[in-house]
Structures are given as C-alpha cells and as structure tokens.
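Structural features, examined
If you want the building blocks of each chain, they are given just below.
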Amino acid sequence: MESTHLFELKLWNAPSVLSRVSLILSRRRITPEQLQFKVSADPEHCTLEFAVTCDRRTAERLNAQLARVVELIEITVRNIAPVLHTAPDSDASAAA
C-alpha cells in the first residue's frame, strides 16, 4: 500500500550534496512531491526535506541508499498518510 513519506536529512553543507540526493531519487525513478533545502544557523550544516509517495519497501530502500551519502549526519523518515485509491462503484455500474 502506498503512503506519503517525509524524509528529513541533516547534512554537511557541501556544494555536491543536493546533486547526490537528486541522483539517488532519479536512479530509483522517484519524484518528490515537495522539496525544501535550508541552511541552518550554523552555515556548515543544512537540512533537506522532501515528501514522496511510495510503498514501505521502496521507502526503506531509499532510506538505506540515502544513508550512504557521505555528507549525511542524520536521517528521519515519517509516514504522513496512506494514499487511498478508490475503485469504481460496482453498484452504479450494475444498475445501469
């Protein structure tokens, strides 16, 4: 079952850090629904937050791949909400 997962990465502020994370998402064919990059009060650190809709297994694999990024300090993943897919109403089609 697909859900929306919010990833929050605390990273060293390096010129290549955003491109590294983007490359991981691109290789897994994952498109973030929202993306926010912030430099913290300490200019040596930054925070990258993004939300993706995928199943739990994909989120776990993405988490494992992101953990390999050299500049990563900490990663937090939260499951925001399940994505509900509605099926066509079978009663309405049977009545027609």
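I will try to describe carefully the structure that is included in this document. (Residues numbered from 1 in each chain as written. Predicted model: local features only at pLDDT ≥ 70, side-chain atom pairs only at ≥ 80, totals over all residues. Heavy atoms only, no water.)

**As for the sheet that holds strand 4 (residues 72–82)**
Read across the sheet, four strands follow the order 2-3-1-4 without closing on themselves; strand pairing throughout is antiparallel. This sheet does not close on itself; its edge strands, each paired only once, are strand 2 (34–39) and strand 4. Pairs of neighbouring strands in the sheet enclose a mean axial angle of 15°, with direction left out of account. Of the strand pairs in this sheet, strand 1 (residues 3–12) and strand 3 (residues 45–54) are connected by ten bridges, and their pairing is antiparallel. The residue bridging tryptophan 12 from the neighbouring strand is histidine 45, located in strand 3. (Pairing = 2+ DSSP bridges. Helix = DSSP H or I, 4+ residues; strand = E, 2+ residues; numbered from the N terminus. Axes fitted to C-alpha atoms, helices over the stretch in contact; angles between N-to-C directions.)

**Let's talk about the pattern of salt bridges**
Under the defined criterion, the tally for this structure stands at four salt bridges. The closest approach of N and O atoms between lysine 38 and glutamate 49, which form a salt bridge, is 3.8 Å. Of the two residues, lysine 38 is situated in strand 2 and glutamate 49 in strand 3; the sequence distance between them amounts to eleven residues. Judged by relative accessible area, which is 36%, lysine 38 ranks as partly exposed. (Salt bridge = Lys/Arg side-chain N within 4 Å of Asp/Glu carboxyl O. Buried < 20%, exposed > 50% of the residue type's maximum accessible area, 1.4 Å probe, protein only.)

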